[in-house]
Amino acid sequence: MTSEKDDPAAKDRINLDDITCPTREQRANGINAFKGKASELVDKARRGELRNCERDFQQNSGCILNFYLTVRVATIRDAVMIVHAPVGCSAPAALYREVFRRLWTSMNRAADFDFHGLTTNIGEKDVIYGAADKLKFAIEEAVRRHSPRAIFILTSCASGIIGEDVEGVVAEVQPRIDATLVPIHCEGIRSRIIQTGYDAFWHGILKYLVKPARKRQPDLVNVASMLSYTWQDRMEITRILAKLGLRPNFIPEFARVSDFEALSEAAVTAPVCPTYTDYLSRGLEQEHGVPYFLYPSPIGIANTDEWLRTLGRTLGIEERVEEVIREERAHWVPKMDAIRAGFEEVKKKNGGDFRIMGSLGQGRLVTQTPFFHELGVSTPVALCQDFDDLLLDDVDDLLKRVGDFDIIVNTFQAAEVAHTARFYNPDMVLSCPFQGSAYKREKGMTRIHALRGDGRRWSAQAGYAGAVACGSFLLQATRNRSFQNTMLQKTGDPYKQWWYDQPDPHYFHRREGQQP
Amino acid sequence: MTLTLVSGKGGKLSAKEYPEVAESPRFTCALGGAYGATLAVFGAVPILHSGAGCGMANAQGMTYASGLNSGGSAGTTTTPCSGLIEEHVVFGGEDKLRRLIDSTIRVMEGQLYVVISGCVPALIGDDVDSVVAEFRDRAAVIHVKTSGFAGNGFLGYNMFLDAVIEGLLKPLPVERKLVNVFGLVPNQNIFWKGELRTVKALLEGIGAKVNTVFSDFGSLGSIERIPAAELNLVLNPWCGLEAAAKLEERFGTPFEALDFVPVGPKDTSELLRRVGRKLKIPSRKIEGFISAEEKNVYRYMEYLAEMFMIAMPHAFSAVVADSRTAISLVRYGANELGWNPELAVVTDDPPEWARDGIARRLTEGLEGPSVPRVIFQYDSHTIRQELKKQPLQVILGSSLEKYIARTENESHHLSVSYPTYDRLIVDRSYAGFRGGIALLEDMSHSFAGPS
């Protein structure tokens, strides 16, 4: 268990009287840029020396609303999402009715997969006269159309800047409707760190939806995971938990409002991504006494063992956990050994080593790096989306296990990633989907993850089955590079040569407050 | 579940109704439309002066939503963006933009840099025009003054064209038989690449020269060549007309408003005849081209006719699409396939002045007794209710209709309009002589067997 709960610093306390969460910058010194050794990053974080930076050259990276909050909130089955914004802010969620239907009901997805979202479609008149009345109409429309159990109201840059009194609307309207209104303050301009959006979401969940526990459900395990975990990952976690006589309470995708209400009744909140789950986990413990742990996530064989052991200690089922681990290892470790042997062959042909550069969220950083070591490959550098104080102990632990390594925090700025990939020249680059021209390489490149709507076993990553699937996938990715090579040869690069010739991927950075 | 809102707890919440409040509208915002138009010009680099998420929202919600496309080499995470946050709201974003334009010109290969301003600078009053003007002697830089609240993605395309006209175009001598093509809106029309390519090939077939502006390799050169055209073609009943009118006023280029991109031989032949007359191309040449193409297409139709008669003959059909796509598919279905058009849902929110014309286009000149009920609607919930009101066997719509078509209408479905998340569209289209064959190729696999 984490040590924070024995010594709760004031800043860790979640104040549900506030309308929203603090930003990650305020709460945990979240930063958007760093380059150096992981050990140095941790030291500087402990000394409070890390700062956000302003980039003179900056590229698309997502905001706290549009790092897919709309896509996710829209999938809550008996709720309606209202995005109080101009029409483009909710455009990514237009896949709500189609993409997730590719998951089959035979894979235990619920039959009622009819999601609903509304945009207030803020226009020219609204930014002059205000749109509170329009928001009320949208709430009314949501009730009239769908009789939802909850209505999520997501704010935007535009609603924030024009000073929409969303809290006032909620206070006025709530007594007159049955659905619970859940305002989420996710104005894109609030923060440079996209995780702030998820904290804002959890704040709304904790403040408005989670009910006081009527009873404990000793077999219920809260599991909140990021969008980059697939349906197979849910199935694997369900499978492993079932062997322990436990049930997952998966949120937020495809959940019902009652699943959020029951978060308080669970035996434990277990992480699949610590940085994503942190705010919710702390809040559930603080308000409802639900224990939690943040580390490790069930990625790779060893981390899955450890995830289960931590779960076992929390729930007092250590012996059963050890039995399950034995059974699982007997089944899966030989398969991992075969993958490892495959990588040994690859390494032999490659001069003795195989270096993978992953671009990871902070949560994946502390779990996926050990997984690469499990596969027998090395990591010259880890690219991390953002970084904050929440995982310092866990990075310490990681350093003990795998030694020091280079780390670059860059919110996945594409030109910086391209520069880093050239500089380190790893044998394989793993990149998020939607990463521009990152696939054009002489050496290997593949995607680091799939997305929630992917139901194929091929794309799994979590638990034992996921470790084997992901290991096979990476081994498979070493075999043929013709797509990456051909596209490199036949199409252009977006950046000029001098960008690669100079040594600094952070060439255009200025520290906050620093003058040119 | 009780509906306590209006009954019992006291009156309506809102003083009036707001029809623009909608479930999953069928377009992105004006910033998105301008962004998509910029990405559609090879060698153009968009610079978003906006919050950090606008580009990503439009990566997943616009380019990916238009047939699973990337934005090309300057799209997705490659696009420069000022990533405005609160401190810029307080102190202004002009300095950040100035640094961003400067660094973008230094780092990124580009022939044209297009600054697209979004909600934040529009609300805080950044003087973007002045900042952009500082770079005029260093590179071709223009400013598309949009915002998310200024309108939808189709209007964003109009705004892009206006910025091009204002910022880049100078009078040129007229090139005989040169035609510009407008009204095929990148991304918001999911087949824009294939349609432009097909329209170009068709017009070249009768001896015209064609500047598609978007999607060819002409880049800035294609844009600068716009004033040299002898004729501007607008293949859309409203979008692109404003630009054509301005080009006529400024450079004297006449324009021909043809409302839609033709699907199948009948309408395609009509288009070629009309354009041919305008360009004074001898009708012998036009008719020669038409009859060769036509013969070919109908010969091939024989190969699919038996399947067609088994799978979807004389179907009651609905189209849910932007106005020009709706017109072309209603006409093709009614006039060449023998379908009975029951419903046409126009989803691009055309301006009031264009609506009567669109409704006429959707109801006049059709074979058979069926005339579709025409509604202008972009709210996906209402569209779903409208689809239930009549029996249908064919729904040509967006991927939002995919599961509804099967479960609520027992209908064939094909995604032909935004958003389309269920098929990859690269240079496919249903334009031109062969377009109808392509349409049937794409929609017949789900039911075609003899059993």
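Residues numbered from 1 in each chain as written. Chains lettered and ligands numbered in written order. Predicted model: local features only at pLDDT ≥ 70, side-chain atom pairs only at ≥ 80, totals over all residues.

Undergrad: How would you explain the overall build of chain A if you had to name every residue and give the values?
TA: The helix and strand inventory of chain A stands at 19 helices and 15 strands. A globule of 516 residues ought to have a C-alpha radius of gyration of about 24 Å, and chain A, at 23 Å, matches this closely. Taken along the three principal axes of its C-alpha coordinates, chain A extends 70 × 60 × 45 Å. Every one of the 516 residues in chain A was classed for burial, and the buried ones make up 59%. The long-range share in chain A, meaning contacts at least 24 apart out of those at least 6 apart in sequence, stands at 75%. (Helix = DSSP H or I, 4+ residues; strand = E, 2+ residues; numbered from the N terminus. Rg over C-alpha atoms; globule rule 2.2 N^0.38 Å. Buried ≥ 20, exposed ≤ 12 C-beta atoms within 10 Å, placed from the backbone. Contact = placed C-beta atoms within 7 Å.)

Undergrad: Tell me about the overall build of chain B, and please be specific about residues and values.
TA: Scanning chain B for helices and strands turns up 17 helices and 12 strands. Over its C-alpha atoms chain B spans a radius of gyration of 23 Å, differing by no more than 12% from the 22 Å that the globule rule assigns to 451 residues. Oriented by its inertia axes, the alpha-carbon framework of chain B measures out at about 75 × 70 × 35 Å. Here chain B holds 451 residues, and 58% of them are scored as buried.

Undergrad: So, the sheet that holds strand S7 (residues 217–224) of chain A: which residues are in play, and what are the values?
TA: Residue and element names in this part refer to chain A. Spatial strand order, S8-S7-S9: 3 strands in an open sheet with parallel pairing. The two strands at the open ends of the sheet, each matched to only one other strand, are strand S8 (247–251) and strand S9 (266–271). The mean angle between the axes of side-by-side strands here comes to 30 degrees, regardless of whether they run parallel or antiparallel. The sheet contact formed by S7 and S9 spans 5 bridges and is parallel. Bridge pairing links glutamine 217 to alanine 266 in S9. Running over the sheet, helix H9 (residues 231–243) touches S7 and S8 and is turned about 155 degrees from S8. (Pairing = 2+ DSSP bridges. Axes fitted to C-alpha atoms, helices over the stretch in contact; angles between N-to-C directions.)

Undergrad: Can you break down unusual backbone geometry residue by residue, with the values?
TA: Across residues other than glycine, the phi torsion is negative in most instances, and most of the peptide bonds are trans. Cis rather than trans, the peptide bond between Ile251(A) and Pro252(A) has omega equal to -5 degrees. With respect to the helices and strands, the residue Pro252(A) is situated in the loop between S8 and helix H10 (257–261). The omega angle of the peptide bond from Tyr295(A) to Pro296(A) is -5 degrees, so this bond is cis rather than trans. Along the chain, Pro296(A) turns up in the loop between helix H11 (274–288) and helix H12 (301–315). With phi around 70 degrees, Asn187(B) is a residue other than glycine that occupies positive phi space. Residues other than glycine seldom take positive phi values, yet Asp259(B) does so here, at roughly 70 degrees. For Asp259(B), the location among the structural elements is in the loop between strand S7 (255–257) and helix H11 (265–278).

Undergrad: Explain the domain arrangement of chain B to me, and be specific about the residues and the numbers.
TA: Residue and element names in this part refer to chain B. Structurally, chain B comprises domain 1 (30–168), domain 2 (178–278) and domain 3 (312–420). Here domain 2 and domain 3 have C-alpha centroids that lie 25 Å from each other. Contact residues are listed per partner, giving 16 residues for domain 2 and 20 residues for domain 3. Class assignment of the residues belonging to the side of domain 2 that touches domain 3 gives a composition of 8 nonpolar, 5 polar and 3 charged. (Domains from an automatic or database assignment. Nonpolar A, V, L, I, M, F, W, Y, C, P; charged D, E, K, R; others polar.)

Undergrad: Quick one: what's the story with the environment of Ser323(B), residue by residue and with numbers?
TA: Residues and elements named next belong to chain B. Within the secondary structure, serine 323 is located in helix H13 (residues 323–337). Sequence spacing of serine 323 and glycine 432 is 109 residues, and the spatial spacing of their C-alpha atoms is 18 Å. Excluding residues that lie within four positions of it along the chain, serine 323 makes contacts with Pro237, Trp238, Val346, Asp348, Pro350 and Ile358.

Undergrad: Residues and numbers for the sheet that holds strand S6 (residues 231–234) of chain B, please.
TA: Residue and element names in this part refer to chain B. Strand order in the open sheet formed by 4 strands is S5-S4-S6-S7, and the pairing between neighbours is parallel. The sheet is open, and its two edges are formed by strand S5 (209–211) and S7, each paired on a single side. Here the strands of the sheet are splayed against their neighbours by 25 degrees on average, with no regard to which way each runs. The sheet contact formed by S6 and S7 spans 3 bridges and is parallel. Within S7, the residue paired with leucine 233 across the bridge is glutamate 256. On the sheet, helix H10 (residues 241–251) packs against strand S4 (178–182), S6 and S7 and is oriented at approximately 165 degrees with respect to S6. The sheet strands contacting H11 are S4, S6 and S7, and the helix crosses S7 at an angle near 160 degrees.

Undergrad: Requested: an account of the pairing of strand S8 (residues 316–321) of chain B, with residues and values cited.
TA: Residue and element names in this part refer to chain B. With 5 of 6 residues buried, S8 lies mostly within the body of the structure. The sheet contact formed by S8 and strand S9 (residues 340–346) spans 6 bridges and is parallel. Paired with valine 320 across the strands is valine 345, a residue of S9. The parallel pair S8 and S9 is bridged by H13, and the resulting crossover is right-handed. As paired elements, S8 and strand S11 (residues 394–397) share 3 bridges and run parallel to each other. The residue bridging valine 319 from the neighbouring strand is leucine 396, located in S11. (Right-handed = clockwise from strand over helix to strand, strands pointing away.)

Undergrad: So what about the packing of H9(A) against helix H17 (residues 463–476) of chain A? Which residues, and what values?
TA: All names here are of chain A. Running from N to C, H9 and H17 cross one another at 140 degrees; their axes reach a closest spacing of 7 Å. One finds that H9 runs oblique with respect to H17. Between H9, through Asp233, Glu236, Ile237 and Ile240, and H17, the contact on the second element is made entirely by Gly463, Ala465 and Gly466. A per-class count over the contact of H9 with H17 returns 3 nonpolar, 2 polar and 2 charged. (Parallel < 35°, antiparallel > 145°, perpendicular 65-115°, else oblique.)

Undergrad: Just give me the short version of the interface of chain A and chain B, but keep the residues and values in it.
TA: Interfaces are frequently sized by the accessible area removed from exposure as the parts join. Contacts between the two partners involve 73 residues from chain A, matched on the other side by 74 residues from chain B. Looking at the side of chain A that touches chain B, the elements with two or more residues in it are strand S4 (117–119), helix H4 (124–129), helix H5 (132–146), helix H6 (157–161) and helix H16 (414–424) of chain A. Element by element, the count of residues in the side of chain A that touches chain B is highest for H5(A), at 11 residues. Grouping the constituent residues of the side of chain A that touches chain B by class yields 34 nonpolar, 21 polar and 18 charged.

Undergrad: Before we move on, can you summarise the nonpolar core with the specific residues and values?
TA: In this structure, Ile82(A), Ile139(A), Ile151(A), Phe152(A) and Leu154(A) are the most contacted members of the largest nonpolar core, which totals 303 residues. It is helix H7 (residues 153–168) of chain B that provides the largest number of residues to this core, a total of 9 residues. Sequence-distant contacts of Ile139(A), defined by excluding residues within four places in its chain, comprise Ile82(A), Ile151(A), Val173(A), Ile177(A) and Leu13(B). (Core = buried A, V, L, I, M, F, W, Y, C linked by C-beta atoms within 7 Å.)

Undergrad: How would you explain helix H14 (residues 362–375) of chain A if you had to name every residue and give the values?
TA: All names here are of chain A. Helix length check: H14 (14 residues) gives 20 Å between terminal C-alpha atoms against 20 Å at 1.5 Å per residue, within 8%. Maximum bend of H14: about 30 degrees, positioned at glutamine 368, with proline proline 370 one to four residues after it. With respect to burial, H14 is a largely interior element, 12 of its 14 residues being buried. In the stretch just after H14, glycine 376 is the one whose phi turns positive, near 85 degrees. (Expected span 1.5 Å × (residues − 1). Bend = angle between axes of the 7 residues up to and from the residue.)

Undergrad: Give a detailed account of the domain arrangement of chain A, specifying residues and quantitative values.
TA: Structurally, chain A comprises domain 1 (69–190) and domain 2 (332–511). Computed from C-alpha atoms alone, the centre-to-centre distance between domain 1 of chain A and domain 2 of chain A is 35 Å.

Undergrad: Could you give an account of the environment of Glu109(B), naming the residues involved and the relevant values?
TA: Relative to the assigned elements, Glu109(B) resides in the loop between helix H4 (94–107) and strand S2 (112–117). Considered as a pair, Glu109(B) and Leu304(B) are 195 residues apart in the sequence and their alpha carbons are 47 Å apart. Beyond its immediate chain neighbours, meaning those up to four positions away, Glu109(B) contacts Gly492(A), Pro494(A) and Lys496(A).

Undergrad: Give a detailed account of the confidence of the model for chain A, specifying residues and quantitative values.
TA: Chain-level statistics for chain A give a pLDDT mean of 92 and a share of 97% at 70 or above. Taken as a whole, residues 1–8 of chain A scores under 50 in pLDDT and shows 7 contacts with residues more than four places along the chain or in a different chain. (pLDDT = per-residue confidence, 0-100.)

Undergrad: Please set out the pairing of strand S1 (residues 44–49) of chain B residue by residue, giving values where relevant.
TA: Burial of S1(B) is extensive: 6 of the 6 residues sit out of reach of the surface. With burial as the criterion, each face of S1(B) is covered, one bearing Ala44(B), Pro46(B) and Leu48(B) and the other bearing Val45(B), Ile47(B) and His49(B).

Undergrad: Describe the confidence of the model for chain B, and please don't skip the residues or the numbers.
TA: All names here are of chain B. Of the residues in chain B, 97% reach a pLDDT of 70 or more, and the chain-wide mean stands at 95. Counting interchain partners and residues more than four positions distant, the pLDDT-below-50 stretch residues 1–8 has 13 contacts. Among the scores for the predicted complex, ipTM is 0.95 and pTM is 0.95.

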